[in-house]
Structure formats: structure tokens, C-alpha cells
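Chain residues, written in single-letter form:
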Amino acid sequence: MLMIFGVPAPLLFGQLLLGLINGAFYAMLSLGLAVIFGMLNIINFAHGALFMMGAFAAWMLLAYGGIGYFPALIIAPLIIGAFGILLERTLIYRMYKLDHLYGLLLTFGLALVIEGLFRNYYGSSGLPYQIPQVLEGATNLGFMFLPIYRAWVVAAALVVCFATWAILEKTPLGATLRAATENAPLVQAFGVDVPRVITLTFGGGVALAAFAGVLAAPIYSVNPNMGDNFINTVFAVVVIGGMGSILGAILTGFGLGVIEGLTKVFWPQASATVVFVVMVIVLLTMPRGLFGKRA
Amino acid sequence: MFGFSSAQWKVFLLLVALIIVSPYVLYPIFLMRVLCMALFACAFNLMVGYVGLLSFGHAAFFGMGGYVAAWTIKFWHVDAVVAIILGGLTGAVLGLCLGYLAIRRSGIYFAMITLALAQMVYFFCLEVPFTGGEDGIQQVPRGHLFGVINLNDDMAMYWVVAVVFIGGFLLIHRIIHSPFGQVLKAIRENEPRATSLGYRTDDYKLIAFILSSMLSGLAGGTKAIVFGIATLTDVHYSTSGEVVLTTLLGGLGTVFGPLVGATVVTAMENYLAQFGSWVTVTQGAIFVICVLAFRRGIVGEIGAALKLGL
């Protein structure tokens with residue numbers, strides 16, 4: 001058997017793939033957080049709960065409506081995105097004129113309510129969600145078996161991340177958004193309905209989280225705590241990457257996932273903490289984060 | 001000598017009277033839980049209310065203080081007072097390490113960094129053998145205070161907790177009203193200006209953070225001894241969220257708010273415990289209502305209505 005650094009190659013590549021998958025979720029979630037933070041100046045603590053709602057929406061669409069995985073991949077983000085818009089229009093908009101910390105506290109409270117409600121009705125043991133038939137099975141690459149669904153998750157995440165990047169950086173809509181982030185009153189003076197842009201941005205960020213949730217549903221069991229497990233690590237990812245750059249959020253997310261996967265091979269006990277250790281090193285050397293802008 | 005205003009003196013004396021009378025009326029175990037949470041919330045309030053930095057990782061100090069107190073009293077058979085002090089010292093040392101990193105950023109970054117660092121402490125506690133992992137440290141004996149007073153008597157234990165709480169409460173008040181505390185408030189109001197006046201603001205913030213984490217460790221250690229158990233729950237980030245809720249509900253930056261918040265939150269948990277996850281839902285709803293409707297908290301609103309600083 002092929003050995004790399006004294007580790008069997010299939011094990012190494014297997015963990016690397018798992019790392020990439022985790023990284024894909026880190027990237028999508030931190031991307032959403034960064035986009036929302038850029039426009040609303042709010043750290044969305046409910047992001048993990050909305051990610052979880054995305055997975056539950058897919059599960060419910062199948063269980064109650066018989067709607068399969070691929071339609072759910074579109075419908076669930078639309079539903080949850082609409083829910084996000086509702087939250088923004090009724091509650092979150094009240095935070096814009098207050099200290100940033102209140103936005104954090106409000107969204108933290110929302111996360112508790114959402115997760116608590118789901119735990120009440122669905123328990124915390126988790127519900128199964130089948131991998132769609134076309135994506136079942138694995139293919140032999142010679143050096144390892146590649147489960148097709150996992151490859152699909154990484155590919156889908158990459159496409160969505162770079163589509164988001166392209167929309168924000170390369171289209172007129174993205175230019176308006178970035179301008180509104182820099183100087184909202186001026187953009188408003190040019191006739192752009194800035195509050196609506198803010199609402200749609202929040203909806204978009206939430207939809208991204210829900211999309212990640214649907215992707216996650218067949219891998220992790222659909223349970224009310226699934227967002228919780230991710231979101232703390234995602235905050236560390238955001239601190240490491242800095243929230244200034246879209247591309248930075250994507251790269252940091254994938255990179256840290258890979259680092260985590262590799263740590264699992266060489267020192268399994270440390271794999272849960274390695275992201276935080278990286279955060280400590282980054283804070284000591286470049287407190288603004290790898291891609292952070294100067295204040 | 002503690003910098004109380006006359007209204008605060010009256011409320012403080014009332015508070016002491018209540019602490020003395022209440023164990024004869026209410027269940028002492030419940031009261032001890034309230035006092036431990038209240039001290040924890042007071043310590044947290046020192047950071048958020050007077051330095052303006054919201055920490056989302058205070059469970060790390062509370063929980064580690066509990067672990068060390070429980071471990072030393074169970075395996076080294078130290079006196080309860082020594083164990084509680086060791087819990088406080090643990091909090092202080094951990095606060096130095098985490099604070100040194102966290103104060104490099106402010107605002108929401110500070111909240112995220114403290115959350116992430118505390119999560120690291122949580123994973124550490126999950127892995128290392130000394131915490132007992134998922135089981136925690138169980139059946140911790142209370143022992144005898146100074147080798148004489150049997151603490152297995154709930155009333156004796158209650159007086160120890162009451163003294164720890166009042167001591168911690170007065171210490172915090174003394175800190176806030178010292179010249180050091182004035183500098184902290186100056187930093188909260190306008191950090192660049194405090195810097196321009198020649199204060200090393202980072203040093204002040206770090207010292208405040210260490211004091212706050214020390215008192216959190218003290219509270220955690222006391223709680224572990226009262227209940228004879230130290231578990232992962234106390235280092236989990238939901239505990240950090242709970243102390244934020246307690247302080248917000250009572251009133252950020254008020255003197256008596258954390259105690260009122262702790263009473264309400266603990267009572268609510270007691271009565272809602274049978275309804276499972278409704279506790280979480282209610283806590284979340286209180287967060288939302290507080291932030292939307294009364295950001296000054298219970299004591300803050302009462303103080304504003306009476307035009308008194310409570």
C-alpha cells in the first residue's frame with residue numbers, strides 16, 4: 001500500500017476529502033456572514049440556526065411534500081431566504097441605529113428560539129435524509145475510493161462560492177452593493193433604494209446558509225444542533241480571514257477545513273482545536289486577520 | 001468606603017438583610033445557585049458594563065474554576081475555602097491567557113474571539129483525563145470548613161456562599177469606584193482620548209479582564225462545591241450565553257442588575273425545567289424582548305424611573 005509520511009494513502013486522502021467538505025461548509029457559512037456583516041454591520045449569530053433550518057426544510061419537503069433533493073436545493077434556500085427577509089423587516093432592522101452588540105444579542109436570542117422550537121418538535125437525535133440516487137455510490141480513483149456525493153458537495157460549494165464572488169465583484173448589481181457598503185447615504189442620494197438592498201442582502205446571505213444546510217442534510221443527520229456544531233468554528237474562521245474580502249472568506253474556509261482534516265490524520269485529539277490554534281497564531285501576528293482591511 | 005451612593009447603601013443593606021433572612025423562607029440550595037450565578041454575572045458585568053467589552057466566553061473561567069475546585073477538594077482533600085480560592089486563581093490565569101489574545105480586537109470581534117477561545121477550552125476539557133470527560137468530576141465532598149464546621153449541612157454551606165458573594169460584590173464595587181475604575185469608564189466612553197491622556201488602555205483592559213475572570217472562577221468553584229459536581233455544561237458556550245442573558249435582563253452596567261437577573265433566570269429555569277427545550281425558547285425570547293423593548297434591563301429601568309443610579 002502506498003504510504004505518505006508514514007500514513008496509508010487512502011486514509012490521508014480520505015481525511016483530506018472530509019476536510020475539504022467541512023471546509024466547503026465553513027466557506028459557505030463564513031461567506032454569508034461576511035456579506036451580511038458588510039451591509040448590515042451585524043454579526044448574524046442565528047446563521048447556524050438558519051443553516052439548520054435549510055436542512056430541515058429539505059427534510060420536510062421530502063417527508064411532507066414528496067419533493068426530492070434537487071428541487072429542494074432551490075426551494076429550501078428560497079423559503080428560508082424569505083424567512084430571513086421577514087426577520088430582517090420585522091426585527092433586525094431595529095438594530096441598525098444601535099450599538100453593534102445589540103444586533104449580536106438579538107440574533108443570538110433568535111438562534112436560541114429557533115433551535116429550541118425545533119428541538120421540541122423533532123427531538124435532538126436527528127432524522128435521516130437519503131443521498132439522491134444519482135449521487136449514490138463511490139468511484140475508484142486508484143489511490144482511494146471517492147464517494148460521489150462528497151465530491152458533489154465540494155463541487156457545488158465551489159460553484160456557489162465563486163458565483164457569489166462573481167456577482168459581488170463583476171456585475172453592476174455587485175458594484176451597487178459594494179458601494180452601499182462603503183457609503184450608504186451617498187448611494188441613496190444616487191437614487192438606489194438602500195434599505196431594500198440591505199433586506200435583499202440579508203435574504204441572500206440566509207439563502208446561502210440554507211443552501212449549505214441542504215447540502216449537509218445527507219452527510220450529517222438532520223438535527224437541531226447541527227448549526228451549533230459548525231457556527232463556533234465558523235466564527236474562528238471569520239476572525240482568521242477577516243471580514244474584508246469575499247475571496248478571503250472562501251480561501252480561509254477551505255484552507256482551514258483541509259488543515260483540520262490533516263490534523264485528524266496525524267494527531268486526532270487536536271483536530272477539534274486546531275482551527276482555534278490557528279486563530280491564536282493569526283491574532284498574535286496579524287490581528288486584523290489574513291485578508292482584513294485596515295480600519 | 002465602597003463608593004455607594006446613599007440610595008445604593010439602602011438597597012445594599014436591604015440586600016444583606018434579604019440574604020440573611022431568605023434561607024429560612026426559601027430552599028437554601030436554590031438560593032446558593034442564585035448567589036453563584038449572581039456573582040458570575042457581576043463579574044461578567046464588570047467587563048461589559050464598565051469596560052464596554054462583551055465577552056462570549058466567560059463559561060471557560062466559570063467552568064475551569066469549578067473543575068479545579070472540585071478536583072483539589074476531592075483528590076487533594078484541601079479545605080473548601082482553599083478550593084474556592086484555587087478556582088478563582090485558575091480563572092485569573094486563564095483570563096490572563098485568553099484576555100491577552102482577545103483584547104487585541106474590540107466590539108463584535110472581541111465577542112467572536114472570546115467565544116472561539118472558550119470553545120477551545122471546552123474541547124480541551126472534553127479530551128483531557130483530569131476533567132472526567134463526559135462524566136465530569138462527581139461526588140465531590142464538601143468537607144469541613146477550617147477542619148471544624150461541617151459543610152454537609154446546607155445552612156453552613158449557605159453562609160459560606162453568602163460571604164463569598166458579598167465579598168465578591170463589594171470587591172467589584174470597590175474596583176469600579178477606584179481611580180482604576182474611572183480609567184476603565186474613560187476607555188469605554190472614548191478609547192482614543194484615554195490613550196491620548198497617556199493611559200495604556202490595553203493594560204487596563206487586560207487587568208479588568210483578569211479580575212472579571214478571577215471572580216468568575218471563584219463563582220464556578222463555589223458552585224462546584226455546593227452541588228458536588230463539575231461538568232462540561234459549565235464550560236459550554238450555552239453557559240456563556242446564560243450569563244449574558246442574566247446580565248442583560250438585570251441591566252448592563254447596573255450595580256444590582258446581575259443579582260436581579262440571576263434570581264429571575266434561575267427561578268425560570270427551575271420552574272420550566274420540566275418543559276424541556278422551552279427553557280431555551282424562553283431564554284431566546286427574553287433576549288429578543290430585552291433588546292427590542294428594554295435595553296436598560298429590569299434594574300436599569302427601575303433606576304431610570306426613580307432617577308436613581310442602582
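Residues numbered from 1 in each chain as written. Chains lettered and ligands numbered in written order. Predicted model: local features only at pLDDT ≥ 70, side-chain atom pairs only at ≥ 80, totals over all residues.

K.L.:
Got a minute to help me understand the overall build of chain B in this structure?
P.N.:
Of regular secondary structure, chain B possesses 13 helices and two strands. Scaling as 2.2 N^0.38, a compact globule of 310 residues should have a C-alpha radius of gyration of about 19 Å, and chain B matches this with 19 Å. Within the span of chain B, comprising 310 residues, buried residues form 54% of the whole. A fraction of 77% describes how many contacts in chain B between residues 6 or more apart in sequence connect residues 24 or more apart. (Helix = DSSP H or I, 4+ residues; strand = E, 2+ residues; numbered from the N terminus. Rg over C-alpha atoms; globule rule 2.2 N^0.38 Å. Buried ≥ 20, exposed ≤ 12 C-beta atoms within 10 Å, placed from the backbone. Contact = placed C-beta atoms within 7 Å.)

K.L.:
What is the right way to read the packing of helix H2 (residues 47-65) of chain A against helix H8 (residues 194-216) of chain A from this model?
P.N.:
Residue and element names in this part refer to chain A. Where H2 meets H8, the closest approach of the two axes is 7 Å, and the angle between their N-to-C directions is 50°. As far as their axial angle goes, H8 and H2 are oblique. Seen along the crossing, H2 lies across H8 with a hand that is right-handed. Contacts between H2 and H8 involve His47, Leu50, Phe51, Met52, Met53, Gly54, Ala55, Ala57 and Ala58 from the former and Val206, Ala209, Ala210, Phe211, Ala212, Gly213, Val214 and Ala216 from the latter. Here the contact of H2 with H8 is built from residues that sort into 14 nonpolar, three polar and no charged. (Axes fitted to C-alpha atoms, helices over the stretch in contact; angles between N-to-C directions. Parallel < 35°, antiparallel > 145°, perpendicular 65-115°, else oblique. Left-handed = near helix turned anticlockwise from the far one by under 90°. Nonpolar A, V, L, I, M, F, W, Y, C, P; charged D, E, K, R; others polar.)

K.L.:
So what exactly am I meant to see when it comes to the interface of chain B and chain A here?
P.N.:
When the parts come together, some accessible area is lost, and that loss is often what is quoted as the size of the interface. Taken together, the contact pairs 35 residues of chain B with 32 residues of chain A. Those elements giving two or more residues to the side of chain B that touches chain A turn out to be helix H5 (107-127), helix H10 (237-250) and helix H12 (278-292) of chain B. For the side of chain B that touches chain A, the element with the most residues is H5(B), which contributes 14 residues. In the side of chain B that touches chain A, the residues fall into 23 nonpolar, eight polar and four charged.

K.L.:
Just checking my understanding: could you explain the packing of helix H1 (residues 9-40) of chain A against H8(A) for this structure?
P.N.:
To characterise two packed helices, one gives the angle between the axes of the helices and the distance between these axes. Residues and elements named next belong to chain A. Relative orientation of the contacting elements H1 and H8 amounts to 170°, with a least axis distance of 9 Å. For the element pair H1 / H8, the angle class is roughly antiparallel. Residue-level contacts link Phe25, Met28, Leu29, Leu31, Gly32, Val35, Ile36, Met39 and Leu40 of H1 to Ile198, Thr201, Phe202, Gly204, Gly205, Leu208, Ala209, Phe211, Ala212 and Ala216 of H8. Residues belonging to the contact of H1 with H8 are distributed by class as follows: 15 nonpolar, four polar and no charged.

Just geometry here; none of it tells us what the structure is for.
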